[in-house]
Each structure stands twice: as C-alpha cells, then as structure tokens.
Amino acid sequence: MAEMLQVENLVKSYGTGEGTVYALNGVDLQIHFGEMLAVVGASGSGKSTLLHMIGGMDNPTSGSVSFKGTNISKFSAKQKAEYRCRNVGFVFQNFKLIEELNVRENIIMPALIARKKPDEDYYNELVELLGIADRQTHLPSELSGGQKQRTAIARALMNRPELLLADEPTGNLDHGTSEEILQIFMTLHEKGKTIVIVTHDRDIAACCERQIEIADGKIEPDAGQQR
C-alpha cells in the first residue's frame, strides 16, 4: 500500500536545558492511502500533538512530516495554510462550529476560504449522507451534540480533502451517538478516505484498520498492529 504520509524522527519540545519537556520524542510513522488509523494513549501522551503536526497546525522542533513526498515541516505559514485548506479536513472534540452561522454556512465555509464556489451537488450529497439535510437553517445552539458533530464532519469534507483528521471526535457525545459517529467514519473509510482518529476509547480504536499507541511522546514498540 502506497504511503501518503511519512513521519521521521519527529520531536516537539518546550523549554530548554533540564526544564525541557517533550510532547513528541522521536516519532516515526507511515500512513498509507485509504487506511483508517487509530492513535491511542492517555491524556498528555502526545497523540494530539502528533495530529497537529500531521495536519500542518504546528511546527516540530526537529524531524519531518512529508505528505506525498513533500516535506511540509519546511513550509511557510502561508504554504501550511494552503496545505490544510486543500488536503486536510479536521474534526474536533468540541466541534468548533461558528455559533453565529447556520449549518449550511458552517459547512461551506472551507470552500469560501479557498475562494471556491461551493459544489452544490457535493454539498447536498454530504448533508444527505450525514443525516442533516433537514437542519441546514439551524444554528449550532439549536442542534444536538450528534448533529453538531455531523455538521463538523460535513465541513471537514467540503473541500474533498484526501486526509481526514479527527481529535477525540466522540469525546463529548453519549454512547449511542458515539456509535453513530463512528459508523460515519467507517462509511467514509469504505469509500476510500484516509482517516486518522486520536482517541482514548479502546472500543473506537478496535474498529480501525490499524492502531498505534503513544506514551510519553513515543510510539510503543509493539504498536501498529492490524485489526
């Protein structure tokens, strides 16, 4: 299977000298096209930091992240913004919807940021797939937690990114809603989307094609097993 992302000797540290704290400490990882990968670990283990590095949201102290052979770690702030806009969709635990905008306006925002006219056929496909076609004029305050996350997933997919990154996407949801959101991710994976999910939930991780575990900023040696 071809590699989409190559992470090599990735380090993210804060402070200097004896006060140095390592969020990541020499991480090596390959992510393949079309796979669904779970990154698991305790709070503070470095898993969200790794996701931010892959998504071009933060700069490593050393090491590299390469997307389809190009080292994004060397990108300027503008280049990283373009990389995120074109190639990556983000889904967060706390949804990060714009409260003043309705569902439709939140979903099409990435297209407007990319200065593209929203693809209406694709938009309609997304809201149908995610079960929010009847919520398009609702504000986030009028939605359930599950509906908010479905809206956030649609927004993440609006620019047709090759890579979908989800940071604890079910962390604020009840068990039943969490299962519904996980099923959406599995459906997207079956359609060929490359997905990386950061989670502390072992049941969610078990549904992914591959799992890695991070502890103290390092990938555990026996991590990476196939489901």
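Shown above is the structure to which this text applies.
Quick summary incoming for the structure in this document.

Rules and cut-offs
- Residues numbered from 1 in each chain as written.
- Predicted model: local features only at pLDDT ≥ 70, side-chain atom pairs only at ≥ 80, totals over all residues.
- Heavy atoms only, no water.
- Pairing = 2+ DSSP bridges.
- Helix = DSSP H or I, 4+ residues; strand = E, 2+ residues; numbered from the N terminus.
- Contact = heavy atoms within 4.5 Å.
- Axes fitted to C-alpha atoms, helices over the stretch in contact; angles between N-to-C directions.
- Buried < 20%, exposed > 50% of the residue type's maximum accessible area, 1.4 Å probe, protein only.

### Section: the pairing of strand β2 (residues 21-32)
So, step 1. Here strand β1 (residues 3-14) pairs with β2 via nine bridges, running antiparallel. Across the sheet, L5 pairs through a bridge with I31, a residue of β2.
So, step 2. Here β1 folds back onto β2, and the loop between the two strands holds six residues, one of which, G15, carries a positive phi near 85°.

### Thoughts on the sheet that holds strand β10 (residues 218-219)
So, step 1. On the basis of which strands lie adjacent, the open sheet formed by six strands has the order β6-β7-β8-β3-β9-β10 and mixed pairing. Each end of this open sheet is capped by a strand with a single partner; those strands are β6 (88-92) and β10.
So, step 2. Here β6 pairs with strand β7 (residues 163-167) via five bridges, running parallel. Counted as the bridge partner of F92 is D167 from β7.
So, step 3. Seen against the sheet, helix α5 (residues 145-157) touches β6 and β7 and runs at an angle of roughly 165° to β6.

### Remarks on helix α1 (residues 47-54)
Since one α-helical turn is 3.6 residues long, residues separated by three or four positions face the same way.
So, step 1. The element α1 is largely enclosed, with a buried count of six among its eight residues.
So, step 2. Considered for burial, the residues of α1 that qualify are K47, T49, L50, L51, M53 and I54.
So, step 3. G56 sits one or two residues past α1 and shows a positive phi near 70°.

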